[in-house]
Amino acid sequence: MLSQKMQDALNAQIQAEAYSAWLYLGMAAHAEQLNLKGMAHWLRVQHQEELGHAYKLFDFVHERGGRVALRTLEAPPAEYGTPLQLFEQVYKHEQHVTSLIHKLYETAVAEKDLATQVFLNWFVTEQVEEEASALEIVEKLKMIPEKSGAIFQLDKELGKRGRD
Ligand code: FEO
């Protein structure tokens, strides 16, 4: 059985993952407007991954006999700037999510909840990957001069992202 504190913290993380999904869908819409279809695809796959993260937490709360409480989602921004600025925001957002996961883990330790700690190990590892893939794109974008056709090459590459 989950403690009230642990349940509240897991519910807050469901909210954060659902917001991440919403944010990435907003970013995908922005990339579509820039006519960068590959980036839009990458962000849409990311949107789906985030929904998967929310579902994992949702299922875990139920498996532990807890109660899921959903709340209203905040609207994501409408503007994200250049492709580089867009992916810098992806990276920054992932760093933020990493800090949320670490705090959640600390709550599980404080609550002496071993099952939640083991469950959260997956998220800790996932965040390492999430940050690394966003940073890799940021670094590639930094190497592309403004208004260079190389952006379309990268766009094509990002359009190949599979559903992991
Ligand atoms: Fe669910 Fe990208 O963190």
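Read on for an overview of the structure. Please read all numbers here as calculations on a predicted model, not as lab measurements.

Details of the pattern of salt bridges
This structure, assessed with the given rule, holds five salt bridges. One salt bridge connects E32 with K37, and the closest N-O pair in it is separated by 2.9 Å. Take E32: its relative accessible area is 35%, and that puts it in the partly exposed class. The residue R161 makes a salt bridge to E49 at a minimum N-O spacing of 3.2 Å. With R161 in the segment after α5 (150-158) and E49 in helix α2 (residues 37-63), this residue pair connects regions lying 112 residues apart in the sequence.

Describing the side chain of T116
Summarising the element assignment, T116 is placed in helix α4 (residues 114-142). Within the local environment of T116, its side chain forms a polar contact with the side chain of D113, the two groups lying 2.8 Å apart. For T116, the contacting residues outside a window of four places in its chain are L2, M6, L10, F60, R64 and A108.

Focus: the layout of surface pockets
Computed from the structure, the largest pocket encloses a volume of approximately 320 Å³. Every residue lining the largest pocket is counted, 14 residues in all, and those nearest its centre are T82, P83, E146, K147 and I151. Of all the secondary structure elements, the ones that give two or more residues to the lining of the largest pocket are α3 (83-110) and α5. With three residues, the top contributor of residues to the lining of the largest pocket is α3.

Details of the packing of aromatic side chains
Enumeration over the complete set of coordinates arrives at four aromatic pairs. Between W42 and F87 the ring centres are 5.4 Å apart and the planes differ by 70 degrees, which places this aromatic pair in the edge-to-face class. Of this pair, W42 sits in helix α2 while F87 sits in helix α3, placing them 45 residues apart in sequence. The exposure classification of W42 matches that of F87, with both residues buried. Between F60 and F119 the ring centres are 3.9 Å apart and the planes differ by 5 degrees, which places this aromatic pair in the stacked class. Linking F60 in helix α2 with F119 in helix α4, this pair joins segments that are 59 residues apart in sequence. Each member of the pair, F60 as well as F119, carries the same accessibility label: buried. Pairwise contacts between aromatic rings join F60, F119, W122 and F123 into one cluster. The ring centre of W122 lies 4.2 Å from the NZ or CZ of K56, which sits over that ring. The ring of W42 has R161 sitting right over it, with the charged end atom 4.3 Å from the ring centre.

How each quantity is defined
- Residues numbered from 1 in each chain as written.
- Predicted model: local features only at pLDDT ≥ 70, side-chain atom pairs only at ≥ 80, totals over all residues.
- Heavy atoms only, no water.
- Salt bridge = Lys/Arg side-chain N within 4 Å of Asp/Glu carboxyl O.
- Buried < 20%, exposed > 50% of the residue type's maximum accessible area, 1.4 Å probe, protein only.
- Helix = DSSP H or I, 4+ residues; strand = E, 2+ residues; numbered from the N terminus.
- Polar contact = N/O pair within 3.5 Å; in protein donor to acceptor, adjacent residues only side chain to side chain.
- Contact = heavy atoms within 4.5 Å.
- 1 Å grid on protein atoms, 1.4 Å probe; cavity = no way out; pocket = protein on both sides within 12 Å on 5 of 7 lines; lining within 4 Å.
- Points joined across faces, edges and corners; volume = space filled by probe spheres on them.
- Phe/Tyr/Trp six-rings, centres within 6.5 Å; stacked < 30°, edge-to-face > 60°.
- Lys NZ or Arg CZ within 6 Å of the ring centre and 35° of its normal.

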